[in-house]
Structure formats: structure tokens, C-alpha cells
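Each chain, letter by letter, is given below.
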Amino acid sequence: MEAPALQQRQSLHDSFERQQKFTSLILPHGAVTAAAEKNPMAAADYCPSDIDELASTRTASPTTTDFSSSSSSSDDNNSTTLDTSVNYSHSSNTNTNTSCPPSPITSSSLLKPAYPLPPPSTPLTTVLPTDLKTPDHLIPRDPRLIRLTGSHPFNVEPPLTALFEHGFLTPQNLHYVRNHGPVPSSVASVATTTVDEENEDSLLNWEFTVEGLVENPLTISVRELIDSQKWDNVTYPVTLVCAGNRRKEQNLIRKSKGFSWGAGGLSTALWTGVGLSEILAKAKPLTKKGARYVCFEGADQLPNGTYGTSVKLAWAMDPNKGIMVAHKMNGEELHPDHGRPVRVVVPGQIGGRSVKWLKRIVVTQGPSENWYHVFDNRVLPTTVGPEESGEKTEEMGRVWRDERYAIYDLNVNSVICEPGHGEVVSLRGEEQGETYKLRGYAYAGGGRRVTRLEVTLDQGKSWRLAGIEYPEDRYREAQDGDELFGGRLDVSWRESCFCWCFWDLEIPLSELREAKDVCIRAMDESLALQPKEMYWSVLGMMNNPWFRVVIHHEGDTLRFEHPTQPMLTSDGWMDRVKKEGGNLANGFWGEKVPGVEENIVKEEPVKEISMVDEKVTRLITLEELREHDGEEEPWFVVNGQVYDGTPFLEGHPGGAASITGAAGQDVTDEFLAIHSENAKAMMPTYHIGTLTTSALAALKTSSTSDPALSDPNRPVFLQSKTWNSATLTSKESVSPDTKIFHFTLSHPAQSIGLPVGQHLMMRLPDPAKPTDSIIRAYTPISDGTSERGTLRVLVKIYYASPTEDIKGGQMTQALDALALGKSVEFKGPVGKFVYQGRGVCSVNGRERKVKRFVMICGGSGVTPIYQVLRAVAVDDQDRTECLVLDGNRVEGDILMKRELDELVQGARPEGRCRVKYTLSRPGEEWKGLRGRLDKTTLESEVGERDLRGETMVLLCGPEGMQNMVKEVLKGLGWKDEDVLVF
């Protein structure tokens, strides 16, 4: 039966029976008996030396791994001895196994503390081999942590057995970690667990700002934050839980976009810092001006900017919510993986709101616009699948930004920890009435308590109540004035519950023998109840159906099987049932229900788009094909089928050169690599026949091009019908995810041969399939008409992110991994637009004169814009005016800013060329435009169409931006022929 501790404030020193129960929660499991025998009254104020001695008396179960720390040596080469010393006092005193370190507690009472202290953490001094080749190569980590996303980024959970055995508080080195990318370099360089004097200043001088809609903007250093004369430092326990906890269960039903967490994606620690409500009170939010949210931003540099999120201002200002800016964890400086030197801790909400490596706190009118706030940590409707979620439509954009789907408070959840996965229990004591104690954890969110935990042995036909213990309540019994780790123990007055609880229930072995499984469910004080069925969502978050452990009857023993395991090498019953062909979504955990016909859903085969006209039966010879290898009636071959490109010469997005360059050739690889499904669906219209077998074989072994076009001594590098190689000689990083790749051409005098406004094709072998090729189009930043001997290509690298289930860019990652000295193949030029100079350009071969270019770009879409701007700006005889609008998220995302500014400043007459930058997430010191390239900006900067037709808009950027710009310009009267998309 549950005993609400708030109603039972009996001192632990007055109740030996309750002392025993309490000891089982704060000491490593198995040390309870030893503790009681050693000193029944000492466990409440144990020191690490007690734990070391107690741990040495423990006998490990043969079905579990003993992760307890021990100072004793072992002759077993497979065992690891870990030092359990911990620096509680942050002084030069060292801990030994024979004496307790200086007390971290300052108490107004002579009574010893009646609340748990942290278990000793393991000093980490060695970088693991797995991390040596990653950006985190300076950070030592605990090898016991289970890696969920490979070697990098570091996303880990502790083994469930080790987590539970440590009890209420988790050692810092075993606390789960969720990193979206590398630890910030400024932190990684100070990566030892104990900070030395040389690095102490850099951490103490770390600053974060409080800005936005506040009356008094603040800049606070860590040195100032820990000063008790300036800020009220407090200490209290908080359980952090990843929103993806138990996600692997969802991924086995249907693959989500997230990686597979087991049931260990949570941990509890004592956090020390300053309440956010106190910090905001000094900053004075301007609520009358609409201040409603508080945004947090970290220092980590990620593919989509820094990590950031937000919570409501009302929550942040409420001391009872307990949101904290923390600088200590279990009395120790924060480990780099946990946010060193300062982070946000948001109790009762998903871990994703607790931003690490804090740099900015911004008070705003609306929720955060950070990419990771909008496109992560949400439970979208279950009707939205992985494909739909990736659609760049206005409707999908509204779904992602709908705050109703954002996750804040944790939901109620519970897990069975004992019996462990694979544990075997003997039934030999069944006749003597022996029992087995089921044990586990539970938690709720939003400050709510778990009020009941129910267990069923008959799949929900009947339930029985388990006992619940909240070790967090022991801190409420602290004496007024108690301090812990330099912070005032700030728990006794709170109504909110910030931590997990433990439950247990004795079950007779005779009843377990008759059961096929054990299921549990928890309920919180709002009467929210764990459901039987899973609610699947595309991000795989907040998974909380009943936790079910299957019982296997094997002779005189019972073997227990958990639903999943986080390791790839170990399966649970869900993996097993799925491999056996069971339907995990049938409402009965994949079991075949007697009398019910299984509705087996067969996977639909992938529909292949037909690119041929079935009515066309003409056979075409090689001689006929070669009669059409010019610009008049270009034919080309894809998958052995012949197509006439003549009708599409004018309408092809890549310009006529894309088709004439393919004339008379087998362009299967190029076509399939770069064309969309829509383009493939159009092909039957242009299908004119099938190449004969002999012609196809001859085409593959011969060349339709002049051998002189591949001569290394030729004056022009690029050829429209021939792939030619250049050597990669250097890579120049210009931002965390963008590089300039330098290639050496065949000889120093060789020109590139790329007209202004055109692009080239690049081809690389596929690292995953060396017989296949990867082909993409790029616009170099070299001057294709005048530079000699070299080729420079700016490329944004789309890195894989297993944490978000993102595979990354196939070509960009292959190019980034390519060793210097290797060759890359090029072909071109292609494109429908050419700027010929002094206001004259051609579009699909048709000449057009312009007096003004409006060039709109974003991200790496700046490269063709830069090409045209350079041609206009450097020619003093060119009177064409240029306005460049470059939109990005943050200032660091702006590519080639220096080069653009230099061109504008050098253009004559002065003011003929202008560039304006706009940022959707600008810093306080940003002087340019603010906001997206939206309707307001375009109406102001571009305006209505030039009725004389002397202005042309050039557009290049992300597809969503392009579609939005075209739509706005259309509303302003601009015609399609006035807007060119690269």
C-alpha cells in the first residue's frame, strides 16, 4: 500500500523500520542488509567510504552485471576496478576509503541529515577509443553507458540494472546524455572532470545574457552566479527524462524519425544553481508589451544553428516550478556532456527544455523560432507519417508550428526494473510460500505525483496495488537553514514533485508460475493513467503504454523478457514477436488471439514510375541515334529507351544545354540521379522507341564525342558531352557546415569554360555502392570566363544526424570524405540563363535586355547570385543596377558576406549595386534587416512589377523560400518570365 510521505513526517531517527526502507532507496541495491548490520542508524548520513566498504560485501546475481564500485583488486582480466573518490568539497583534500570527505552540508541542527546524498561518481580521466576520431576527442566518458547513435554524436543511457541499483540519485558519469552534435569546442578543451586552475578562469568568466522584452537586460558570468552575496543559490533533486524514453518500442511498431531509446533515458541528480524566477525578477519582463515566453539558447553549433527552445514566462516566473540555471550536479562542476559550465534545468518537463551550455535567455512575445524547438520535441497527430512530415508545404509548416503539439510536461510512465531482462528465478521455494519482489520506477510531469501503481498478472482482468516510496520527500524534512553543496536546500515548502519514485510488490512464486506475463500501469494525481495501447507519432516521443514483461516457463525456473533492449545485439519480446511475423499492433502484443482472424497488413511494393509509352514499338539503330546528336533534334537514351528532347528544349528548367549536351548519348546515370519523380512521369510523352540490343552494347563501349574533348591539353576544361577529371587539392572551411573545395585542372592555362549564370555537373563514385555514381549540379564561385587552372566550388555539407534519423546529403558527405589528391569528374555547362554583360542576358537562348536585377537568395543559394553580381559590379561600363536580398537564420549562416560586400563597395557609380541581409534570429548587435524574406520584406524592398519589363528577379535558395517568394511576387503583379529560378 502507498504511504504518502507528506502525511507521515516521522523522523527517520525515530523509526528503525522506516530507516531500513529508506536505506534501500539511497544505497546501491544489495547493500541494505550490510548497512543495517553495520550500523542501523548510520545510513541516513553515509559518506562515500561507507559505500565503498559496503559494496565490497555485495554478492552479484548471476543474471546481472555488478556495476558497484570497489576499491579491491581482481585477478580477472575482464573485470574493471573503478575509483569511487568524489570531490564533494571542491578543495584540495582527497577522499580515501578510510575517511569521509569534508561534509557538503551546513546544518543549523546537530541532527544528521535525513535525506539521500549522491553516490560517489567515478573520476573519468581517459578518452575512450570510440571518441578519439570524433569532434569530442578530448572528453573522457564512462564505458558502461550504452551508445544509441554510434560513436557520434554522444547519445547514451545507463544500463537499466545499473541505473536502478544506484537508487534515487544517479552518479554524474552514469547520467543519461542527449547531445545533438559535438560539445562546444570552448567547453571540450576543458574536458577533465575536475577543473584545474589554468582553466578555471575561462569557465568562471563564461557569460550568458538575459535580453529581449525586459526592462533591465543582464549579462551574468558564472563567477557572479555562484556568488552568494549576489544570488541566492539553491539545491534540490530533479529527475530529467528524455522525451524519447522507451522509443524503441514505438520503432518496432512503426519506424519513427528518432533513434531507439530503451527504458533508461532518465536520471536523477542534485542540482545547485539560481532560480530562473529570481533572475527574471531582476530583469523585469515587459508583460505590458506582450512578454509571454522565455527562450533559451545554447552554445553548441549544429547543422540547423544553435540548440534552443522556450517555456512560458508564467512558468519561468513561478518559484514553485523550480526552473533553475544550474552550475553544479551532485556537488560537482558539470561534466562537459551535461552542460559545463552552466545550463538550464526545467523540472517536470521533458529534458529537451533544459538547454545546456547556456548563452542566451530571451524574453519574447511568442514561442521560440529555433529549428530544434519547431521541428523537434512534438507529438504530431498519428496520421502524420515520416514522408508527410518531410513535405515542405504550407499545411505541413502550420502543423509543425502548432504549439498544441509541442511537448512540455512529462506524461505518467512506469517501468519494471526487477526482474531484469533475462533474469532467471528458481521455483524450488514455491512450496514454502516464497515470494518474489517486483520493483521498478515511475514518474509523472508538471510537478504531479504518482498516486498509484498497479500490477496485473492476467493482462488487465484484475489489478493489485504496489507500494510507492518518494525519497524526494526526505528533503522536505530538512532543517531550516540547511545548505547542501553551497546552495540552500530549497524543498520543504514546495507542493511540486520533481523526481521519480520507486514501487514494489511481493508476488508469491506460485502465482508467477501460473502467469504468462506481468504488466504495470501508473496513475498521477490528475488521474492521468498509462494506456494499454501505444500512441504512435512520427517523432516517437512520450511513449507510455503499460510496461509488459513476458514470463518464460523453463522447467523449474522462470525467465523474464523485457519488451526491448537499447543495445542492437540484444532483443526483447517485441523484437522476437516481430521477427516471428506477429502483428504488434493487434491489441494483444502480437499474440494470436483464439477465434479472431488476424488482419495481416501486407507491405505494398514500391510503385515504379513507368517512363515508356507502351504503344511505342519502334526499334532504333545506333546510326539513327547519332544522326540526332546535335542541337536541332536531340535524342538521348535512358535505360535503353530513346527519347526526343526537341519539344522540351525551351521549357527544360536546366536550359536547352541540358538536353543538347545529352544528345546521342546514354545518360541513364545522370538522368536518374538528378530528376524528380514528376520528371520521370513526363517521359512517356517524349518516348520514341527502343535502342536495339547491339546498338546499346556498342553505345556503352564507344564514345559519341570527339576524342579531342578529353585531351588533357585542350584549352577549355568543361565539355557538355564528356566527363573530365579534376584533382581535389584542398578544402577550406568557411562555416561549421560549409567548405570551399579547390580543384586543379589539367594544366595551369586551362580555362573553366563556364558562362556567367550557368552551372556544372559533378560526379563521384557512391561510397556505399562503388559501381554506382552520385551526380549533382553546382554553381562554382570561380570566374568561369577568366580564371585559369583551378576550380573553386562552395558546398554546404548536409551531415547525417542519426539522432534525428536524418541520412544527410549523399553527395556532400561523399565529397567531404574524399581524400586530397583524388579525382572528381565534371561535365557542363548546363543551365537556361546566361548573363552576357552590360544588361544583356539570354534565357533558353532568347536574348533579353535588363536595367535592374533583383537577386533573392538564402544559404548556399548565394553562389549563382554571386556569379552574376560579380560580372555586373566589376565592369565599370555596365550600368545595370543590382539589389541582393540575402536571407538567413543567424549571422554565422551568411555565406560569402565579405565577398558580396566588397563587390558592392567597389561598384561604380556608387550605389549602383546594393546588398541587404535579413536574419530571422538576429543577435542584439545586428544592424541589418530583421525577420524572414516574407511578404512584408518583399513588398518593401522589391515592390510591384516594373511595367516596362526592364527588371528581372533571379532567385536561388531552399525550395520553401523559393515557393513563398514566387507566390508573393505573383501577388505583386510579377509575371513568370520576369522571375528566374536557378
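Residues numbered from 1 in each chain as written. Predicted model: local features only at pLDDT ≥ 70, side-chain atom pairs only at ≥ 80, totals over all residues. Heavy atoms only, no water.

**Student:** How would you summarise the pattern of salt bridges if you had to cite specific residues and measurements?
**Tutor:** Taken as a whole and judged by the stated rule, the model has 51 salt bridges. Of the charged contacts, one joins Arg448 and Asp524 as a salt bridge, the two residues approaching to 3.3 Å between their closest N and O atoms. Here the residue Arg448 occupies a position in the loop between β17 (435–443) and β18 (450–456), and Asp524 occupies one in strand β24 (residues 517–524), the gap between them amounting to 76 residues. Its salt-bridge partner being Arg576, residue Glu580 comes within 4.0 Å of it at the nearest N-O pair. (Salt bridge = Lys/Arg side-chain N within 4 Å of Asp/Glu carboxyl O. Helix = DSSP H or I, 4+ residues; strand = E, 2+ residues; numbered from the N terminus.)

**Student:** I'd love a proper account of unusual backbone geometry, names of residues and values included.
**Tutor:** That bond from Arg340 to Pro341 is cis: its omega, 5°, falls within 30 degrees of zero. Here Pro341 is to be found in the loop between β12 (332–333) and β13 (343–345). Here Trp357, not a glycine, exhibits a phi torsion of approximately 50°, which is positive. Structurally, the position occupied by Trp357 is in the loop between β13 and β14 (358–364). Overall, the relative accessible area of 3% leaves Trp357 in the buried class. If you check the backbone angles, Arg838 has positive phi at about 50° while not being a glycine. Here Arg838 lies in the loop between β37 (833–837) and β38 (840–843). In this structure Arg838 comes out as exposed when scored by relative accessible area, which is 52%. (Buried < 20%, exposed > 50% of the residue type's maximum accessible area, 1.4 Å probe, protein only.)

**Student:** Tell me what's going on with the confidence of the model for the protein, and back it up with residues and numbers.
**Tutor:** Regions with low pLDDT carry predicted coordinates that are not meant to be interpreted in detail. Residue-level pLDDT values for the protein average 83, and 82% of them are 70 or greater. Scored below 50 in pLDDT, residues 1–103 makes 168 contacts in the model with residues more than four places away or belonging to other chains. (pLDDT = per-residue confidence, 0-100. Contact = heavy atoms within 4.5 Å.)

**Student:** Lay out the sheet that holds β38 with the relevant residues and their values.
**Tutor:** Overall, antiparallel pairing links the 3 strands, which are arranged β37-β38-β39 in an open sheet. One side of each edge strand has no neighbouring strand; the edge strands of this open sheet are β37 and β39 (846–849). Going from strand to strand, the sheet's axes swing by 30° on average, the running direction of each strand aside. Sheet topology places β37 next to β38; 4 bridges connect them, and they run antiparallel. In the sheet register, Tyr835 faces β38, and the bridge partner there is Cys841. (Pairing = 2+ DSSP bridges. Axes fitted to C-alpha atoms, helices over the stretch in contact; angles between N-to-C directions.)

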